[in-house]
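Analysis of the macromolecular model
In case you want the letters, here they are:
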Amino acid sequence: MKPQKSRSSVADLDTPAVTIDLDRVDENIARVQRRIEGCGLVNRPHVKTHKIPAIAQKQIDAGAVGITCQKLGEVEAFVEAGVTGDILVTFNIVGDLKTERLMALVPRVKRLAVVADNEVVLRGLSEAARRHGRDLPVLLECDSGFGRNGLQTPDEALDLAKLAAQLPNLRFDGLLVFPNTAPRTKGFFEAAVSKFEAAGVPLPILSGGGTPALNALEDYPMMTEHRAGTYVYNDVMMVHSGAARWDNCAMTVRTTVVSRPTADRAIVDAGSKVLTREQYYVENFGRVAEYPDAVVANLSEEHGMLDLSACRDKPKVGDVVSIIPNHCCVVSNMVDEVHGVRDGMIEVVWPVAARGKVT
Ligand SMILES: Cc1ncc(COP(=O)(O)O)c(C=O)c1O
């Protein structure tokens, strides 16, 4: 799946279509690289947001130490496309099917590191690495309040680190958390640093994550690297959380008004199969860039319902509008390709190489 160069106008695109503002992507990559470096951290962007090797290469060219992938399927797609430098997989790898896939990737990547938060995962990784005669760097995932997986206390982390150091073919490389902004993170990591030091267990890497956490990197002076993903495109959630401005949002869904059934309602041809129904902490289903007073009030699979009651100007049937999605990362997983746009022209069409790679 090769990117195609294109020189047609964005106005000629059929809809719905996902477009990426290339100037904004370049600016987001440069700004966040400066921010992370300026705090003395290394940048390891999470590619689950774009799932596109060419964008990962832009991030690496700007100074990222490597990439973060959530799933092995993403690693396979990126390695196939030539991104083979330094990859961290931030998801517990469970079972022989997956550890065999992991070990098939190890010789193809300069440094492939993994995470674990329990003994079953650690032992499975160690056994697979031993079978293949390879060493695996491993970070232990901690839960500092997000309530997903992760070790619950610094003492649990220290116990598992000691086990990791003893198990064959594993190298304990440090601790990882997502997101830094979870309330207990600072105290958790301060305690971890002193407990590990007292126990004589080195902690070469302390890896934090999240785009909203970029505003608070100074609060975590113990961290050594940062993994942000959403920053590359940004979305309604990032603006809402204060992590981005509207003019940092690079992804939009171009969609055509196909009906105006009432004076205050427009129907567009993008529904939940493009925009998704993700909301987390925001209301409604996206922001119409050209009509900020319009409300994306509801979605069915192929229909988007816009409430225009607060709009002075209203779009007509046949008009095309651009919706900034609530959550750009899941939109990437909905489409085969995205259109990179500069100055109104489509400069590149990128296949979303890791689309659907969820195993
Ligand atoms: C483990 C991990 N690290 C980093 C990130 C990147 O966070 P964000 O998308 O807020 O930039 C995520 C996002 O889901 C994640 O799960």
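Chains are numbered independently. Their residues run from 1 in the order of the written sequence. Local features in this predicted model are restricted to residues of pLDDT 70 or higher, and side-chain atom pairs are both shown and tallied only at a pLDDT of 80 or more, whereas totals for entire chains, interfaces and linings draw on every residue. Each side-chain value is worked out from all heavy atoms of the structure, with water and hydrogens disregarded.

1. Here we look at the overall build of the protein
Broken down by element type, the protein carries 10 helices and 18 strands. Every radius of gyration here is taken over C-alpha atoms, with the globule rule written as 2.2 Å times N^0.38, N being the number of residues. In terms of C-alpha radius of gyration, the protein reaches 22 Å, essentially the compact-globule figure of 21 Å for 359 residues. Each of the three principal axes of the protein carries a C-alpha extent, and together these read 70 × 40 × 35 Å. Only protein chains enter the accessibility calculation, which uses a 1.4 Å probe. A residue is then buried if its area is under 20% of the maximum for its type, exposed if over 50%, and partly exposed in between. Per-residue burial over the protein gives 54% buried out of 359 residues. Restricting to contacts in the protein with at least 6 residues of sequence separation, those with at least 24 account for 69%. Working definition of accessibility: Shrake-Rupley area with a 1.4 Å probe, residue cover restricted to the visible protein chains. As displayed, the protein offers around 15200 Å² of accessible surface, 50% of which is attributable to carbon and sulfur atoms. Charged side chains of the protein number 41 positive and 46 negative; the gap between the two group centres comes to 2 Å. Under the scheme used here, helices are H or I runs from DSSP no shorter than 4 residues and strands are E runs no shorter than 2 residues, and both carry numbers assigned from the N terminus. Only heavy atoms matter for contacts: two residues are in contact if any of them lie within 4.5 Å across the pair. We score Asp and Glu as negative and Lys and Arg as positive, and we do not count His or the chain ends. Taken as the charge centre is NZ of Lys, CZ of Arg, CG of Asp or CD of Glu, depending on the residue.

2. Digging into empty space enclosed by the protein
Within this scheme a cavity is a closed region of a 1 Å grid, computed over the protein atoms alone, that accommodates a 1.4 Å probe without allowing it to escape, whereas a pocket is open but has protein on both sides within 12 Å along at least five of seven lines; lining residues each have an atom within 4 Å of a point. Grid points are joined across faces, edges and corners, and a volume is the space filled by probe spheres set on the points. Inspection of every chain in the model, using the stated rule, returns one cavity of 30 Å³ or more. What the largest cavity holds in volume is close to 40 Å³. Lining the largest cavity are Gln70, Lys71, Leu72, Val89, Phe91, Asn92, Ile93, Lys98 and Thr359. When residues are grouped by polarity, Ala, Val, Leu, Ile, Met, Phe, Trp, Tyr, Cys and Pro land in nonpolar, Asp, Glu, Lys and Arg in charged, and all others, Gly among them, in polar. Of the residues belonging to the lining of the largest cavity, the class tally is four nonpolar, three polar and two charged.

3. Concerning the site of the ligand
Whether a residue is near a molecule or strand depends on its heavy atoms: it is near if one of them lies within 4 Å of it. Among the 13 residues in the neighbourhood of the ligand, the closest are listed as Lys48, Arg148, Thr211, Gly229 and Thr230. One of the side-chain N or O atoms of glutamine 70 is found 3.1 Å from an oxygen atom in the ligand. In protein, a polar contact requires one atom able to donate a hydrogen and another able to accept it; more generally it is a pair of N or O atoms within 3.5 Å, and residues adjacent in sequence count only if both atoms are side-chain atoms. Arginine 148 places a side-chain nitrogen or oxygen 2.9 Å from an oxygen atom of the ligand. For the ligand, whose unbound accessible area comes to 390 Å², protein coverage reaches 92%. Judged by the fraction of its atoms near the pocket grid, the ligand is located in the largest pocket. A breakdown of the residues in the shell around the ligand according to their chemical character gives three nonpolar, seven polar and three charged. In this scheme, a molecule is assigned to a cavity or pocket if more than half of its atoms are within 2 Å of the grid points.

4. Describing the pattern of salt bridges
Here a salt bridge means any side-chain nitrogen of Lys or Arg lying within 4 Å of a carboxyl oxygen belonging to Asp or Glu. Counted according to the given criterion, the structure contains 25 salt bridges. In this structure, aspartate 26 and lysine 58 form a salt bridge, with 2.9 Å as the shortest nitrogen-oxygen distance. Linking aspartate 26 in helix 1 (residues 22–38) with lysine 58 in helix 2 (residues 53–61), this pair joins segments that are 32 residues apart in sequence. Aspartate 173 is the partner of arginine 111 in a salt bridge, and the nearest nitrogen-oxygen pair spans 3.0 Å. Here the residue arginine 111 occupies a position in strand 6 (residues 111–116), and aspartate 173 occupies one in strand 8 (residues 170–177), the gap between them amounting to 62 residues. Summarising the burial analysis for this pair, arginine 111 and aspartate 173 share the class buried. Overlapping salt bridges, with partners in common, bring together Arg44, Asp86, Arg111, Arg171, Asp173 and Glu225 in one network.

5. Remarks on the domain arrangement of the protein
Residue ranges assigned to each domain were obtained from an automatic or database domain assignment. The domains assigned to the protein are domain 1 (22–232) and domain 2 (246–351). The gap between the C-alpha centroids of domain 1 and domain 2 is 33 Å. Here's the idea: put two parts together, see how much 1.4 Å probe accessible area each one loses, and the total over both is what we call buried area. Buried area between domain 1 and domain 2, summed over both chains or domains, comes out near 1400 Å², and the portion from carbon and sulfur atoms is 57%. For domain 1, the biggest contributors to the area lost against domain 2 are Leu22, Arg24 and Ile52; these three give 42% of the whole. Of the charged contacts in the structure, one is a salt bridge between arginine 342 and aspartate 23, with a shortest N-O distance of 2.6 Å. Counting across the domain 1 and domain 2 interface gives eight residue pairs in polar contact (both at pLDDT 80 or more). Of all the secondary-structure elements, those providing two or more residues to the side of domain 1 that touches domain 2 are helix 1 and helix 2. It is helix 1 that contributes the most residues to the side of domain 1 that touches domain 2, eight residues altogether.

6. Overview of the packing of helix 1 against helix 2
It is the contact of helix 1 with helix 2, at a shortest axis distance of 9 Å, that shows an interaxial angle of 40 degrees. What the angle tells us is that helix 1 and helix 2 run oblique. Along this stretch, helix 1 crosses helix 2, giving a crossing that reads as right-handed. Residues Asp26, Ile29 and Gln33 of helix 1 pack against Ile55, Lys58 and Gln59 of helix 2. Residues belonging to the contact of helix 1 with helix 2 are distributed by class as follows: two nonpolar, two polar and two charged. Lines fitted to C-alpha atoms define the axes here, with helix axes fitted over just the stretch in contact, and angles between the N-to-C directions of these axes take values from 0 to 180 degrees. Roughly parallel here means an angle under 35 degrees, roughly antiparallel means over 145, roughly perpendicular means 65 to 115, and every remaining angle is called oblique. Definitions for this section: a left-handed crossing has its near helix turned counterclockwise from the far helix by less than a right angle. A right-handed crossing has that turn clockwise.

7. Overview of the pairing of strand 2 (residues 17–21)
Of all five residues in strand 2, four are buried; the element is thus mostly enclosed. In this analysis, strands are considered paired if DSSP registers two or more bridges between them. Bridge count between strand 2 and strand 11 (residues 251–262): four bridges; the pairing is antiparallel. Note on strand 11: the bridge partner recorded for valine 18 is valine 253. When strand 2 meets strand 17 (residues 337–342), the two strands line up parallel, connected through three bridges. Bridge pairing links aspartate 21 to valine 341 in strand 17.

8. Side note on the layout of surface pockets
Reported here for the largest pocket is a volume of approximately 1000 Å³. Lining of the largest pocket is provided by 35 residues; of these, Lys48, Arg148, Phe178, Tyr280 and His327 occupy positions nearest its centre. Where the lining of the largest pocket is concerned, the elements lending two or more residues are helix 8 (236–240) and helix 10 (328–332). Class assignment of the residues belonging to the lining of the largest pocket gives a composition of 14 nonpolar, 12 polar and nine charged. Two domains each donate at least three residues to the lining of the largest pocket, and these are domain 1 (22–232) and domain 2 (246–351).

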